[in-house]
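A look at the structure
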Amino acid sequence: MTVQNANLKFTSKLTPLILAGIKYIVVHHTASLTASPQQIHEWHLNNGWAGAGYNEYIRKNGSVWIMRGDNVGAHCSGYNTTGYGICCEGNFDVETAMSTVQFDALAERIKFHAARFKTAQIVRHSDLGATACPGRHFPWNNLIVSKSQPPIQTTPDPEDTPNAETVNPVPANLYRVRKTWDNPASQLGAYAHLSNAIAIAIEHPAYMVFDSFGNVAFEPPSFATAPEKCWQQTAYDYLQNMGVPIDEKRFNDHMTRGEVFALLEKYDRARISHF
Ligand SMILES: [Zn+2]
């Protein structure tokens, strides 16, 4: 078994998982017959996410790929901050068998993570949400381990969608910046990319980002009390994403909030579409 870093380029800074808080090791399948780590990354980028949502990925040839690693993923609604997501290449709704090398790699990785996350339960995605993932033919009974029922309590995560592995190649989702979902009149704009919406939300106290279903996609820390580096880094990442040439050192050391927001406004105007 080889473990490799997929070296994916995420579009925004990932949030480290609090390892002591991991309660679940969540097993998924891609629901596609084959997929390279980069393909998964591109599918999830097209969802408007920072990139591939799984923490790691196991291919049919038994190779293991670190995707988000020990950072908060986007793979299981409500459990992304308390779950570590392992995805297996394949569609086990139609494929009736898993290759021995893939199965062995998965078993080994589960053992490895179970030792790291000592109190974590090993669960299928379908144990935590309404999904068929990882497929009815997934060799679950050969793997497990712990089948106790997880609690129903959920916590909202950034980049959540109900079925992270149900890949939509078209970025149909729009991220809306509003005070509340029920108040469309408060909307500042709608964005195809979450990072763009976040940059606007952090600029406006009391605003949040909602996905097309009205779920909270991002809730900024209180702007007034946010540590200097927090808003600054987000603004910096945002401007970089938009290809604005900026000197990081000058940005961090010398630019005031007013200057930064003037820059944001200047470069954002063309992108904002008001509804
Ligand atoms: Zn899944």
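Use the structure listed above.
Residues numbered from 1 in each chain as written. Predicted model: local features only at pLDDT ≥ 70, side-chain atom pairs only at ≥ 80, totals over all residues.

Remarks on the overall build of the protein chain
Basically, it comes down to this: What counts as a helix is a DSSP run of H or I of at least four residues, what counts as a strand is a run of E of at least two, and both are numbered from the N terminus. C-beta atoms are placed from the backbone for every residue, and two residues are taken to be in contact when these atoms lie within 7 Å.
Of the regular secondary structure elements, the protein chain holds 8 helices and 10 strands. Within the protein chain, residue pairs in contact and separated by at least 24 positions form 70% of the contacts whose partners lie at least 6 positions apart.

Here we look at the sheet that holds strand β3 (residues 56–58)
Think of a sheet as strands paired side by side through backbone hydrogen bonds, with each pair either parallel or antiparallel. Put simply, the rule is: In this description, strands pair whenever DSSP reports at least two bridges between them. Between N-to-C directions, angles span 0 to 180 degrees; the directions come from axes that are lines fitted to C-alpha atoms, helices contributing only their stretch in contact.
Sheet architecture is open: 6 strands sit in the order β1-β4-β3-β5-β2-β6, paired in mixed fashion. Two strands bound the open sheet, and with one partner strand each, they are β1 (3–5) and β6 (121–124). Across this sheet, the average inter-strand angle for adjacent strands is 25 degrees, counted without regard to direction. Where β3 meets strand β4 (residues 64–66), 3 bridges bridge the pair, whose relative direction is antiparallel. Bridge pairing links isoleucine 58 to valine 64 in β4.

Re helix α1 (residues 37–46)
Our working rule: Working definition of burial: number of other C-beta atoms within 10 Å of the residue's own, with buried at 20 or more, exposed at 12 or fewer, and partly exposed in between, all C-beta atoms being placed from the backbone. An arc is given here, and it is the one of the directions from the helix axis to the C-beta atoms.
Listed as buried for α1 are Pro37, Ile40, His41, Trp43 and His44. Buried residues of α1, viewed axially, fall in a sector of 165 degrees; they line one side. On its buried face, α1 is in contact with β3 and β4. Glycine 48 lies just past α1 and shows a positive phi near 90 degrees.

Some details on the nonpolar core
Note the cut-off: By definition, a nonpolar core groups buried Ala, Val, Leu, Ile, Met, Phe, Trp, Tyr and Cys residues that are joined through C-beta atoms within 7 Å.
Counting 32 residues, the largest nonpolar core has Tyr24, Ile25, Val26, Tyr57, Ile58, Met67 and Ile86 as the members making the most contacts within it. Listed by contribution, the elements that provide at least two residues to this core are β2 (24–29), α1, β3, β4, β5 (83–88), α2 (100–116) and β6. Those residues within four positions of tyrosine 57 in sequence are excluded, and the remaining contacts are Pro37, Ile40, Trp65, Met67 and Cys87. Counting residues in each nonpolar core, the second largest holds 19 residues, with Val177, Ala197, Ile200 and Ala201 among its members.

A word on the environment of phenylalanine 117
One can find phenylalanine 117 in the loop between α2 and β6. Spatially, the C-alpha atom of phenylalanine 117 lies 8.5 Å from that of isoleucine 25, the residues being 92 residues apart in sequence.

Here we look at the environment of glycine 21
Examined against the element boundaries, glycine 21 turns out to sit in the loop between β1 and β2. Using a count of 12 C-beta atoms within 10 Å as the deciding quantity, one classes glycine 21 as exposed. Separated by 99 residues in sequence, glycine 21 and alanine 120 place their C-alpha atoms 8.9 Å apart.

Quick word on unusual backbone geometry
Cis geometry is found at the peptide bond from cysteine 133 to proline 134, where omega equals 10 degrees. Despite not being glycine, asparagine 7 has its phi angle at roughly 50 degrees, a positive value. The residue asparagine 7 is located in the loop between β1 and β2 in this model. In this structure, alanine 31 takes a positive phi of about 65 degrees despite not being glycine. Position of alanine 31 among the secondary structure elements: in the loop between β2 and α1. Accessibility expressed as a C-beta count within 10 Å gives 21 for alanine 31, which makes it buried.

Looking at the pairing of β5
Along β5, 6 of the 6 residues are buried, which leaves the element largely enclosed by surrounding structure. Here β5 shows no split at all, with Gly83, Gly85 and Cys87 on one side and Tyr84, Ile86 and Cys88 on the other all buried. The pairing of β2 with β5 spans 6 bridges and is classified as parallel. Paired with histidine 28 across the two strands is cysteine 87, which belongs to β5. Relative to β5, β3 runs parallel, the two sharing 3 bridges. Looking at the pairing, glutamate 56 lines up with isoleucine 86 of β5.

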